[in-house]
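Inside the fold
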Amino acid sequence: MTNSMQEAENSDVILITGTNTTWNHPVFGGMIKKAVMQKGVKLIVVDPRDIGLAKYADIHMKQNPGSDNAWLMGLQHIIVKNNWHNKEFVEEKTEGWEEYLQSLEFYTPKKVEELSGIPKEQLYEAAKLYATSGRGAAYYAMGITQHSHGVDNVMAISNLQMILGNFGLPGTGVNPLRGQNNVQGACDMGGLPNVFTAYQPVVNEDARKKFAEAWDKKLEEMDDKVGQTVTTMVKNAGDSIKALYIVGENPMMSDPNQNHARKQMDKLDFIVVQDIFLTETAAIADVVLPAFAFAEKYGTFTNTERRVQFSNKALDGPAGAKSDNEIIAAIARRMGCTDFPETVEDLYAEIRELTPSYAGVSYERIKDSTGLRWPCPTEEHPGTPILHVGKFARGKGLLKAIEYRPPAEYADEDYPLVLTTGRLLQHYHTGSMTRRSKVLEGIVSSGMIELNVADAEHLKVINGEKVKVSSRRGSIEITALVTDKIKEGIVFIPFHFVESAANILTNDALDPVAKIPEYKVCAVKVEKIAE
Amino acid sequence: MESTFKIYINGKALETSAGKTVLDVAREHDIYIPTLCHHPRTGKAGKCRACLVEVEGLRGLKESCALEVRDGMSVKTHTEQIQEVRKMIVELLLSNGEHNCIACEKNGHCELQDMAYHLGIERPGYLLDYERITLDESSEGIIRDANKCIECGRCIKSCNNNVMHEVLDFGWRSDHMRVICDDDKPMGESTCVQCGECVQVCPVGALTFRYAKGKGPYWELDKTKVICTYCGVGCSIDMFTKDNKFVYSLGTEENWQDQTNKGMLCVKGRFGFDFLNREDRLDTPLIRKNGKLEKAGWDEALDLVASRFTDIKAEHGPGSIGFFTSARISNEENYALMRFARGVVGTNNIDHCARL
Ligand code: SF4
Ligand code: FES
């Protein structure tokens, strides 16, 4: 996030899209409601479902899944045509205006209505409200990124914020809500194929030199090419990839097109899984290493607003398990690396040394406080709740021309419904933790498919009935939840439940840049199960 | 700059500034003023009058939770008159309902019990006719015992103004007044999302956590600050444990204004950590032998991993090994795996499920 969650109250208008906030980031969902109800902040929700926040929205637009680039650029088309954009900001702080302006031409309200199903009058109202109310903040999550054109969607949001000058002020910004507690930290720490810590590129020789020196390696020993992503590693299993070391992830549940993913994993020579339970992925490993869970060790985590927080050890983990860093160090030692840092403190010292944005975040400063937001380059630095104050980090903000691209797969005769996936309030991700919780599993213990009343009628399916859902990649059986809270033609399935795993159905088509699979749109059919 | 001034509590000079209440200042300096309806996160309520103080130059007793400080103000917190009023308040509350502490979950950190203790009240002087209300045990995570409710209104305020779930309210009238869910539904059938905020702010044992019941009185629990392992909000949690088992979570109250979650939690952060206690946690390395995963020692497992990685690297190059790091492990651990992939194996094939 460029800004912080506490600032929701400082906005004049908030745009929520691709996030079912009250379920997936519940505490923040409450903060948005509070901003709306107590501070009079205006709210625009764009989502095909009647999500919890829709009730509080001034405008709720229900787009067709996969049309986000269209309506986002459509909003901007209207804003620019009406001269509601912030000319001074565009002039002084951005570049790429001409090309961007040209690409806007395509997104006429009429065209956008065709593509997104959002009536052009409503789009106009939304554009007007968002552009003319004052400070606007945009919040989004996987509903925006998990598309074969997810990067375009994010760019479109950043364009929108730039033309309105919604940067560098409290209550503005481009604010992705991270779905897992340390996505931000994993990225910051270089858990990505193209960068070291703090996004220092691996293709940059100076960066490689810096890390080679710190790790006592020769420059030639450092890989100078961008590595493979999670999804390409699975794709290339058996070919360029022979072995995987998987720590705390469960791709056998979370990967799209699971039947295919399973076949790919079988092609590997060697799989190591390090986790706290025998997950679906651990079950197919060659070696399983038992690890401590979060409250059984201490260390730092970085939340969605870049806040580095210290988490303490509350419990002793299972006697036969070890902490992740201890296990990794032990393997490193056995592979001949004698100086691999042993303790959490040693690791953190290295992080601070090599990561300018974390340099000032000492344990002492965050242990008994509420954390510090990076960049925090020195011990005296107060942290940075808002990015891009005064000017953009890269100098000028780049307005991107965006060409419309449809989703990789859409409803057709054989598969007439559009499936979108996500989470429930009570469960989390692949369910390995929440499904083992008495209260959470007690509240919801099985998956369901949300089906619009009209679709259900057409299929002669009643609420609570078991149905068969199929895509080109596989099929599952699942209980129908008939509701008017989802748009006609669209169905929703949460992906937590192994008995009715949504990812058997999903499409593994990838965004060409970010390599994110298209979880949010695929074509399915729903059938009655013959008695 | 805010200008500071002095006030006097029980004769002691205390530095403070405008905008605070007498209660705030007392709390900052560990001066005990009982409160029942006020809570730092629900604010002043002015209902219970437990917090009464005497202010020099002002007539009558004043509610310290609502009384703003003024330069030179002189306050007394425990005069005979104040204690008499407090006694009456507590007596009245104790005589109405069922306030038996013996096996109460709140025993040891009940604000009503504290007050009675400080006032030396062992049992109420009189008992009113009282019709017992059945417990509401319909909810997965929360038990409601209306017999212990003192109608302070904290739960209602926090449900409607803090977490914004708009479920709780006062229902019925006068003598029968009580806290209800929606239009008086059992909690488990209401729109309650079980975030547990109401339990956290309840001063007495009227709202408690089902699975904490009987796990141990407050003073036997250990409290540790952790960061929630679920979503990216990163809520700060005071985790209560006993005998190396998770018992329950509270949102961190300390510095709540600056906490990312402002003291609140959702149902996952509140109730979702009993997986830690589970019997089926992995507690030994496993190695696949003849197609089956079998228990193995650490040395055997680590040797095997190291030698297989070494061999595969030698045969196919470092780029043939891939690493999935995790969005759920700490920064230090992420860094360790990153350093291992790039510095020991020598590949940039490292990624995590941020995309998934
Ligand atoms: S308590 Fe709920 S809102 Fe807070 S971090 Fe955990 S999952 Fe997210
Ligand atoms: S605490 Fe002040 S009136 Fe109740």
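Residues numbered from 1 in each chain as written. Chains lettered and ligands numbered in written order. Predicted model: local features only at pLDDT ≥ 70, side-chain atom pairs only at ≥ 80, totals over all residues. Heavy atoms only, no water.

Looking at the pattern of salt bridges
As enumerated under the stated definition, the model contains 38 salt bridges over all chains in all. When the shortest N-O distance is used, the salt bridge between A:D316 and A:K313 registers 2.5 Å. Where B:E253 meets B:R41, a salt bridge forms, and the shortest distance between an N and an O atom there is 2.9 Å. In this pair, B:E253 sits in the loop between β12 (245–251) and α6 (267–271) while B:R41 sits in the loop between α1 (22–28) and β3 (52–55), placing the two residues 212 residues apart along the sequence. Counted as one network, the salt bridges with shared partners bring together A:K297, A:D324 and B:E333. (Salt bridge = Lys/Arg side-chain N within 4 Å of Asp/Glu carboxyl O. Helix = DSSP H or I, 4+ residues; strand = E, 2+ residues; numbered from the N terminus.)

A closer look at the site of ligand 1
In the region of ligand 1, the neighbouring residues are A:P26, A:V27, B:C228, B:Y230, B:C231, B:G234, B:C235, B:L265, B:C266, B:K268 and B:G269. Surrounding ligand 1 are residues belonging to chains A and B, so the site spans chains. Looking at the shell around ligand 1, the elements that each hand over two or more residues are α2 (26–39) of chain A together with α6 of chain B. Grouping the constituent residues of the shell around ligand 1 by class yields eight nonpolar, two polar and one charged. (Near = heavy atom within 4 Å. Nonpolar A, V, L, I, M, F, W, Y, C, P; charged D, E, K, R; others polar.)

Thoughts on the sheet that holds strand β10 (residues 299–302) of chain A
Pairing is antiparallel across the open sheet formed by three strands, whose spatial order is β10-β11-β12 (chain A). The open sheet is flanked by β10 and β12 (372–373) of chain A, the only strands paired with a single partner. Taken together, the four bridges between β10(A) and strand β11 (residues 307–311) of chain A define a ladder with antiparallel strand orientation. When the sheet's bridge partners are listed, A:T302 is paired in β11(A) with A:V308. Docked against the sheet, helix α8 (residues 331–345) of chain B engages β10 and β11 of chain A, running at close to 95 degrees with respect to β10(A). (Pairing = 2+ DSSP bridges. Contact = heavy atoms within 4.5 Å. Axes fitted to C-alpha atoms, helices over the stretch in contact; angles between N-to-C directions.)

Re the packing of helix α3 (residues 68–81) of chain A against helix α6 (residues 109–116) of chain A
Residues and elements named next belong to chain A. Here α3 crosses α6 at 165 degrees, and the two axes come no closer than 9 Å. With respect to their mutual orientation, α3 and α6 come out roughly antiparallel. Note that α3 runs across α6; the crossing there is left-handed. Along its contact with α3, which presents A70, W71, G74, H77 and I78, the element α6 presents P109, V112, L115 and S116. Split by residue class, the contact of α3 with α6 holds six nonpolar, three polar and no charged. (Parallel < 35°, antiparallel > 145°, perpendicular 65-115°, else oblique. Left-handed = near helix turned anticlockwise from the far one by under 90°.)

What to know about empty space enclosed by the protein
All names here are of chain A. Tallying each qualifying case throughout the model produces eight cavities of 30 Å³ or more. What the largest cavity holds in volume is close to 490 Å³. Residue lining of the largest cavity: 35 residues in total, with G18, M142, G143, T421 and K520 positioned closest to the centre. Among the secondary structure elements, those contributing two or more residues to the lining of the largest cavity are α8 (142–145) and β14 (417–422). If one sorts the elements of the lining of the largest cavity by residue count, β14 sits on top with three residues. (1 Å grid on protein atoms, 1.4 Å probe; cavity = no way out; pocket = protein on both sides within 12 Å on 5 of 7 lines; lining within 4 Å. Points joined across faces, edges and corners; volume = space filled by probe spheres on them.)

A word on the domain arrangement of chain B
What the domain assignment reports for chain B is domain 1 (4–78), domain 2 (102–277) and domain 3 (286–355). On a C-alpha basis, the centroid separation for the pair domain 1 of chain B and domain 3 of chain B is 60 Å. (Domains from an automatic or database assignment.)

Quick look at the layout of surface pockets
All names here are of chain B. Size it by volume and the second largest pocket reaches roughly 1,400 Å³. Lining the second largest pocket we find 50 residues, and of these H39, P40, E111, Y218 and E253 sit closest to its centre. Of all the secondary structure elements, the ones that give two or more residues to the lining of the second largest pocket are α1, α3 (111–119), α5 (197–201), β9 (207–209), β10 (222–227), β11 (236–242) and β12. Per-element accounting of the lining of the second largest pocket gives the leading share, four residues, to α1. Its residues assigned to classes, the lining of the second largest pocket comprises 19 nonpolar, 14 polar and 17 charged.

What about the sheet that holds strand β13 (residues 286–289) of chain B?
With mixed pairing, the seven strands of this open sheet are ordered in space as β14(B)-β13(B)-β9(A)-β8(A)-β7(A)-β15(B)-β16(B). The sheet terminates laterally at β14 (292–295) and β16 (350–351) of chain B, the two strands that pair on one side only. Looking at chain direction, strand β15 (residues 321–324) of chain B and β16(B) are connected through two bridges and run parallel. Across the sheet, B:F324 pairs through a bridge with B:D351, a residue of β16(B). Of the strands in this sheet, β7 (243–247), β8 (270–275) and β9 (287–290) of chain A are in contact with helix α15 (residues 324–334) of chain A, which crosses β7(A) at around 155 degrees.

What about the interface of chain B and chain A?
In this assembly, 107 residues from chain B lie in contact with 155 residues from chain A. Approximately 11,200 Å² of surface area, both sides summed, lies buried where chain B meets chain A, with 63% of it carried by carbon and sulfur atoms. On the surface where chain B and chain A come into contact, there are six salt bridges. A salt bridge links A:R334 to B:D299; the nearest nitrogen and oxygen atoms lie 2.6 Å apart. One can count 65 residue pairs in polar contact (both at pLDDT 80 or more) joining chain B with chain A. For the side of chain B that touches chain A, the element with the highest residue contribution is α8(B), accounting for 14 residues. (Buried area = accessible area lost by both parts, 1.4 Å probe. Polar contact = N/O pair within 3.5 Å; in protein donor to acceptor, adjacent residues only side chain to side chain.)

Focus on the nonpolar core
If you look at the biggest cluster of nonpolar residues, it comprises 59 residues, and the most contacted ones within it are A:Y245, A:I331, A:F340, B:F309, B:F323 and B:F340. In terms of residues, this core owes the most to one element, α8(B), which gives eight residues. The contact partners of A:Y245, leaving out residues within four places of it in the chain, are A:V272, A:Q274, A:I327, A:I328, A:I331, B:F309, B:G322, B:F323, B:F324, B:L337 and B:F340. If you look at the next biggest cluster of nonpolar residues, it comprises 49 residues, including A:I32, A:V45, A:F294 and A:A295. (Core = buried A, V, L, I, M, F, W, Y, C linked by side-chain atoms within 4.5 Å. Buried < 20%, exposed > 50% of the residue type's maximum accessible area, 1.4 Å probe, protein only.)

Considerations on the side chain of A:N182
Structurally, A:N182 can be placed in the loop between β6 (174–176) and α10 (183–188). A polar side-chain atom of A:N182 sits 2.8 Å from the main-chain carbonyl oxygen of B:I329. Among the polar contacts listed, one links the side chain of A:N182 to the side chain of B:N331, at a separation of 3.2 Å. Sequence-distant contacts of A:N182, defined by excluding residues within four places in its chain, comprise A:T300, A:F301, A:T302, B:A327, B:I329, B:S330, B:N331 and B:N334.

Let's talk about unusual backbone geometry
The linkage connecting A:W374 with the following residue, A:P375, adopts the cis geometry, with an omega of 0 degrees. In this fold, A:P375 is placed in the loop between β12 and β13 (397–398). The backbone of A:A198 shows a phi angle near 50 degrees, a positive value even though the residue is not glycine. Within the secondary structure, A:A198 sits in the loop between α10 and α11 (205–214). A positive phi is found at B:N244, a non-glycine position, where the angle reads about 60 degrees. Here B:N244 is to be found in the loop between β11 and β12. According to the relative accessible area criterion, B:N244 is partly exposed, its value standing at 37%.

What about a nonpolar patch on the surface?
A cluster of nonpolar side chains, contributed by B:L92, B:Y126 and B:L128, occupies part of the molecular surface with about 280 Å² of accessible area. For B:L128, the position within the fold is in the loop between α3 and β6 (142–144). (Patch = residues over 30% accessible without salt bridge, like charges linked within 9 Å, V, L, I, M, F, W, Y side chains within 5 Å. Areas by Shrake-Rupley, 256 points an atom, 1.4 Å probe, with all protein chains shown as cover.)

Considerations on the packing of aromatic side chains
One pass over the full model with this rule turns up 30 aromatic pairs over all chains. Where B:F209 meets B:Y248, the ring centres are 5.3 Å apart and the plane angle is 40 degrees; that geometry is what we call tilted. Residue B:F209 is located in strand β9, and its partner B:Y248 is located in strand β12; the two are separated by 39 residues in the primary sequence. Taken together, the ring pairs connect A:Y245, A:F270, B:F309, B:F323 and B:F340 into an aromatic cluster. A cation over a ring is seen here: A:R49 above A:F492, with NZ or CZ 3.5 Å from the ring centre. (Phe/Tyr/Trp six-rings, centres within 6.5 Å; stacked < 30°, edge-to-face > 60°. Lys NZ or Arg CZ within 6 Å of the ring centre and 35° of its normal.)

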